[in-house]
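So the chains spell out like this:
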Amino acid sequence: MELKAGSAAALELQVQLQLQLQLLRVEALEPQCWSSSWWDQRQARMATMTAVAASVRYPASRFETQPWVDLRDPSEQARLTPAAARGMARLAEAWDLTVPQVCSLLGEVSPSTWHAWAKSPPRTLGVDRLTRASYLLGIYTALHVLYGDELADEWVHLPNTNALFNGATPLDVMLRGGIPALERVRALVDARRGGA
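Attention in this report is confined to the structure presented alongside it. (Residues numbered from 1 in each chain as written. Predicted model: local features only at pLDDT ≥ 70, side-chain atom pairs only at ≥ 80, totals over all residues. Heavy atoms only, no water.)

**Things to note about the overall build of the protein**
- Helix and strand content of the protein: 8 helices and 0 strands.
- The order of helices and strands in the protein, counted from the N terminus, is α-α-α-α-α-α-α-α.
- In the protein, which comprises 196 residues, the proportion classed as buried is 30%.
- Taking the intrachain contacts of the protein between residues at least 6 apart in sequence as the baseline, contacts between residues at least 24 apart amount to 56%.
- Taken as a whole, the protein presents about 12600 Å² of accessible surface, with 57% of it coming from carbon and sulfur. (Helix = DSSP H or I, 4+ residues; strand = E, 2+ residues; numbered from the N terminus. Buried < 20%, exposed > 50% of the residue type's maximum accessible area, 1.4 Å probe, protein only. Contact = heavy atoms within 4.5 Å. Areas by Shrake-Rupley, 256 points an atom, 1.4 Å probe, with all protein chains shown as cover.)

**Things to note about the packing of aromatic side chains**
- All chains considered together, the criterion is met by 2 aromatic pairs.
- Plain terms: the ring middles of Trp95 and Tyr140 are 6.4 Å apart, the flat faces sit at 50° to each other, and that makes the pair tilted. Residue Trp95 is found in the loop between α3 (74-94) and α4 (99-105), and its partner Tyr140 is found in helix α6 (residues 126-146); the two are separated by 45 residues along the sequence.
- Geometrically, the ring pair formed by Trp155 and Phe165 is edge-to-face, given 5.8 Å between the ring centres and 80° between the ring planes. Taken together, the positions of Trp155 in the loop between α7 (149-154) and α8 (170-193) and Phe165 in the loop between α7 and α8 put the pair 10 residues apart, joining distant regions of the chain. The pair formed by Trp155 and Phe165 is uniform in burial state, with each residue classed as buried. (Phe/Tyr/Trp six-rings, centres within 6.5 Å; stacked < 30°, edge-to-face > 60°.)

**Concerning α8**
- Look at α8: only 17 Å from first C-alpha to last across 24 residues, short of the 34 Å you get at 1.5 Å a residue.
- Along α8, the sharpest change in direction is near 140° and occurs at Gly178; proline Pro180 comes one to four residues later.
- Along α8, the positions that sit buried rather than exposed are Pro170, Leu171, Val173, Met174, Gly178, Ala181, Leu182, Val185, Leu188 and Val189.
- On its buried side, α8 packs onto α4 and α6. (Expected span 1.5 Å × (residues − 1). Bend = angle between axes of the 7 residues up to and from the residue.)

Below, the structure written as structure tokens:
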């Protein structure tokens, strides 16, 4: 059986081996003879260690996830829309975005629609706009974890030498690239936040 480094099976095997090594070290320190009672005690300790190792649950990844939200479900869209609309209004203000920039980031929303949403959120934003809002709000949150408030909010306007931006500002890349660019920028700042 081939084990992939970092996989749950590899981690489980590593813990079991560490427990067996620890047991062998304890046995080496004990001045016991190889009697049947010693062997029975060893077997009992091994059974206990194996039970402990079997009860350890490893996450599938570094990050535990919640069940996926079905964005196609109208009730989920209605539940998420008010928070997404409020969050986008705050993000637009914090990042000092123009109305055309916000409208473009949200998938070519008309300026009149954006202004109407500022007064009263729509019943539902739809899958595309909720996805865009999620990426943008995730980027905003990750930047505020990485940097102080001032730099976090300026970051999208600063030219960036990262290969993803090639000297352009992150905002320009997100405006031109749509959802794929939002996803890549989100992955970049999340990786930096996680120490990668």
